[in-house]
Amino acid sequence: LIKGGDVLEKVHELDTIVFDKTGTLTTGHPTVTDIVGNNPELLLQVAATVESGTSHPLAEAILQKAQQENVALLSATDFYTEPGLGVSAIVDGKLALVGNLEWLKKYEVIVEQGNISTLTDKTAVYVSLDRVLLGVVKVSDALRDDALVTVKDLQSMGLKVMLLTGDRSCVAEIVAQQLGLTAEDVLGEVPPAGKAEVIAALQSKGQKVGMVGDGINDAPALAEANVGIGMQTGTDVAVEAADIVLMQDKLMDVIESIKLSRATFNKIRENLFWAFAYNIVGIPVAAGLLLPSLGIILSPGAAGALMAFSSVSVVTNSLLL
């Protein structure tokens, strides 16, 4: 779904494509792989209770794990979500926090470095109760089947591909390696409010940026980019902010939209050439330029026929698209 001809004309100018990670390059259906803590059952119980107050994919993964383990939710109130950081709630009268390191440190929860070192390969969700760290939930989200081929094809088209995510840099770099991207192409640990700033920074360097995303956190970046590309299965606000919406939820359609824009712009150039060519040749002949030397002049009827044929050729060339 392309929201206007002006959008289609801008896409061919792009030289950089920035992808969100979760739900865009990955399936958006993460699963819990490990629960690290002294009391795993309590850890999962608190995490699931707090995450029941939000609808993030990580929350769904934790709730699904709790259901599989038959862990009952606790009584909770005052749910609060900080986009890109975490969720809080009052559980049995105590403050419970579920989110990333920055979220827990904001509430002065002490997190030892030793707990972090073993979590380099997966997304880490930290859980605390009454400002005491209970442990960490490890979550993994598989890449989409067409993610690698999409990135490779975009690169073969001469486009720079980058990864933008709020996840930890070490996790983002592992995903980047699977996609054949370098560390320079990875922008990790970027908060939601900072994603639009990153896009603006790239644009300030003269880059024409296309942003591909699906979540609430991506909406500002989609709006800031030269062209925002949203996934139809994403949030309503992301779809609204995007200039192009991929209706079939296939990353390969990013390539198709760029190819379509390039082909369209080439047709515009061709049509302008033929329109000008007919006039450049036809008007002087109709004005009698060749009459003194060759005795050739266009009659009104012949000139009208040529003008009609000019329109037919332009329309036919456009239909060949």
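Residues numbered from 1 in each chain as written. Predicted model: local features only at pLDDT ≥ 70, side-chain atom pairs only at ≥ 80, totals over all residues. Heavy atoms only, no water.

## Brief notes about the overall build of the protein chain
Next up, step 1: A tally of regular secondary structure across the protein chain gives 13 helices and twelve strands.
Next up, step 2: Relative to the globule expectation of 20 Å for 321 residues, the C-alpha radius of gyration of the protein chain, 28 Å, shows a markedly less compact shape.
Next up, step 3: As displayed, the protein chain offers around 15,900 Å² of accessible surface, 57% of which is attributable to carbon and sulfur atoms. (Helix = DSSP H or I, 4+ residues; strand = E, 2+ residues; numbered from the N terminus. Rg over C-alpha atoms; globule rule 2.2 N^0.38 Å. Areas by Shrake-Rupley, 256 points an atom, 1.4 Å probe, with all protein chains shown as cover.)

## A closer look at the sheet that holds strand β7 (residues 132-140)
Next up, step 1: The strand order β2-β7-β6-β5-β4-β3 describes an open sheet built from six strands, whose pairing is antiparallel. If you trace the sheet from one side to the other, it starts and ends with β2 (31-37) and β3 (76-82), each paired once. Recorded for the sheet is a direction-independent mean angle of 20° between the axes of neighbouring strands.
Next up, step 2: In this sheet, strand β4 (residues 86-91) lies alongside β3 in antiparallel orientation, the contact comprising five bridges. Looking at the pairing, E82 lines up with G86 of β4. (Pairing = 2+ DSSP bridges. Axes fitted to C-alpha atoms, helices over the stretch in contact; angles between N-to-C directions.)

## Some points on the nonpolar core
Next up, step 1: If you look at the biggest cluster of nonpolar residues, it comprises 29 residues, and the most contacted ones within it are I17, F19, L154 and I258.
Next up, step 2: For this core, the secondary-structure elements that each account for two or more residues are α1 (5-11), β1 (16-20), α6 (147-156), β8 (160-164), α7 (169-179), β11 (227-231), β12 (244-246) and α11 (252-286).
Next up, step 3: No other element matches α7, which puts four residues into this core.
Next up, step 4: Not counting residues within four places of it along the chain, the set of residues in contact with I17 comprises L154, L159, K160, V161, M162, G210, V212 and I258. (Core = buried A, V, L, I, M, F, W, Y, C linked by side-chain atoms within 4.5 Å. Buried < 20%, exposed > 50% of the residue type's maximum accessible area, 1.4 Å probe, protein only. Contact = heavy atoms within 4.5 Å.)

## Focus on the packing of α11 against helix α13 (residues 300-319)
Next up, step 1: Orientation of α11 relative to α13, taken along the N-to-C sense of each, is 170°, at an axis distance of 10 Å. The angle between the axes of α11 and α13 places the two elements in the roughly antiparallel class. On α13, the residues that touch K267, E270, N271, A275, Y278 and N279 of α11 are L306, M307, F309, S310, S313, V314, N317 and S318.
Next up, step 2: Of the residues that constitute the contact of α11 with α13, the class distribution is six nonpolar, six polar and two charged. (Parallel < 35°, antiparallel > 145°, perpendicular 65-115°, else oblique. Nonpolar A, V, L, I, M, F, W, Y, C, P; charged D, E, K, R; others polar.)

## What to know about unusual backbone geometry
Next up, step 1: Its identity is not glycine, yet R131 carries a phi of approximately 65°, on the positive side.
Next up, step 2: The residue R131 is located in the loop between β6 (123-129) and β7 in this model.
Next up, step 3: Even without being a glycine, D249 presents a positive backbone phi close to 60°.
Next up, step 4: Within the secondary structure layout, D249 lies in the loop between β12 and α11.

## Some points on the pattern of salt bridges
Next up, step 1: All chains considered together, the criterion is met by seven salt bridges.
Next up, step 2: Among the salt bridges present, the one from K195 reaches D20, with a minimum N-O distance of 3.4 Å. With K195 in helix α8 (residues 192-204) and D20 in strand β1, this pair connects stretches of sequence that are 175 residues apart.
Next up, step 3: The class for D20 is buried, based on a relative accessible area of 5%.
Next up, step 4: One salt-bridge network, held together by shared partners, links D20, K195 and D218. (Salt bridge = Lys/Arg side-chain N within 4 Å of Asp/Glu carboxyl O.)

## Some details on the environment of K267
Next up, step 1: Note that K267 resides in helix α11.
Next up, step 2: The class of K267 is buried, set by a relative accessible area of 15%.
Next up, step 3: Contact partners of K267, with chain neighbours within four places excluded, come to N317, L320 and L321.

## Regarding the side chain of D167
Next up, step 1: Residue position: D167 is located in the loop between β8 and α7.
Next up, step 2: Within the structure, the side chain of D167 is placed 3.3 Å from the side chain of K21, a separation counted as a polar contact.
Next up, step 3: Every residue in contact with D167, bar those within four places of it in the chain, is listed here: K21, T123, G188 and E189. (Polar contact = N/O pair within 3.5 Å; in protein donor to acceptor, adjacent residues only side chain to side chain.)

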